[in-house]
Amino acid sequence: MPQGKTYTIKDVINVYIQAQREDHIHPDFRDYYTRLLKALEDLFQITLTTSENVPPGKRAGYMLFTATVRSLLGLRTPWSSFMEAGLIIRRLEEAGTIGQDILATSQQIDHSVQQNRLLHEKMLLQLLEYMYGERPMTFTSEDLFNKGFDDSREPKWSDYYSDYIDNL
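So, a few notes on the structure that sits alongside this text.

Reading guide: rules and limits
- Each chain carries its own residue numbering, running from 1 in the written order of its sequence.
- For a predicted model such as this one, the threshold for reporting local features is a pLDDT of at least 70, and the threshold for listing and counting side-chain atom pairs is 80 or more; totals across whole chains, interfaces and linings nevertheless cover every residue.
- Working from all heavy atoms in the structure, the side-chain values ignore hydrogens and water.
- Here a helix means four or more residues in a row that DSSP labels H or I, a strand means two or more in a row labelled E, and each is numbered from the N terminus.
- N or O atoms within 3.5 Å of each other form a polar contact, as long as, within protein, one can give a hydrogen and the other can take it, and as long as residues adjacent in sequence are counted only when both atoms are side-chain atoms.
- Residue count minus one, scaled by 1.5 Å, sets the expected span of a helix.
- Note on classification: 1.4 Å probe, protein chains only; a residue is buried when its accessible area is under 20% of the maximum for its type, exposed when over 50%, partly exposed between these limits.
- Residue contacts are counted whenever heavy atoms from the two residues lie within 4.5 Å of one another.
- Think of a salt bridge as a Lys or Arg side-chain nitrogen and an Asp or Glu carboxyl oxygen that are within 4 Å of each other.

1. Focus: the side chain of Ser141
Positionally, Ser141 belongs in helix H6 (residues 141-146). Here the side chain of Ser141 touches Lys5 through a polar contact of 2.8 Å, landing on its backbone nitrogen.

2. Observations concerning helix H5 (residues 97-132)
Its 36 residues place the ends of H5 53 Å apart at the C-alpha level, agreeing with the 52 Å of an ideal helix rising 1.5 Å per residue. Inspection of H5 places Gly99, Leu103, Ser106, Val113, His120, Leu124, Leu125, Leu127, Leu128, Met131 and Tyr132 among the buried residues, and these make up the whole buried set. Summarising the contacts, the buried residues of H5 are in contact with helix H1 (9-20), helix H3 (59-73) and helix H4 (86-94). Phi for Gly133, located one or two positions after H5, is positive at around 80°.

3. Re the environment of Tyr32
Mapping Tyr32 onto the fold places it in helix H2 (residues 27-44). Sequence separation of Tyr32 and Glu93 is 61 residues, and the distance between their C-alpha atoms is 41 Å. If sequence neighbours within four positions are ignored, Tyr32 has contacts with Phe149, Asp150, Asp151, Arg153, Glu154 and Pro155.

4. Observations regarding the pattern of salt bridges
A full pass over the atoms with the stated rule returns seven salt bridges. For Arg21, the salt bridge is made with Asp23, and the minimal N-O distance between the two is 2.6 Å. With its nearest N and O atoms 3.6 Å apart, the salt bridge here joins Glu94 to Arg91. Of this pair, Glu94 and Arg91 are both found in helix H4, three residues apart, which corresponds to roughly one turn of the helix. Of the residues examined, Arg91 reaches a relative accessible area of 47% and is grouped as partly exposed. Each of Arg90, Arg91 and Glu94 takes part in a single network of salt bridges with overlapping partners.

Take a look at the structure:
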């Protein structure tokens with residue numbers, strides 16, 4: 001049964017980003033987002049998986065769009081690799097002034113990466129509008145369901161957690 005979501009063009013961009021990620025904990029995630037992207041592309045009458053349907057003269061925008069997605073996916077902080085950093089944080093807190101300085105600098109890095117992410121997302125929306133024009137329409141889970149895609153079948157991280165931990 002459909003989830004009752006409403007999808008905008010920003011959601012299409014976010015789904016495209018998810019479909020490009022190579023760090024999902026299981027192939028089911030990438031498969032789901034790839035299929036969802038195809039269904040949303042059909043509804044919004046755009047194509048992000050190839051430049052073939054980008055209007056002539058706008059294909060350079062597609063090249064920049066894909067490069068911007070790759071850049072966004074590369075954004076990281078020093079903490080990005082840690083699932084659990086409690087011990088490190090505790091040791092830094094115990095280290096006195098230098099530990100507090102490290103944590104403060106870390107927060108600045110995190111803020112900078114968040115700002116960078118927002119700017120990437122803004123640019124992706126601008127590039128999409130450059131290639132296809134403004135797309136103010138919205139579609140629902142029911143629209144997707146009527147096209148043969150059930151968005152309620154989205155994989156849940158919790159269903160794969162034990163397999164993921166076992167393979168670390």
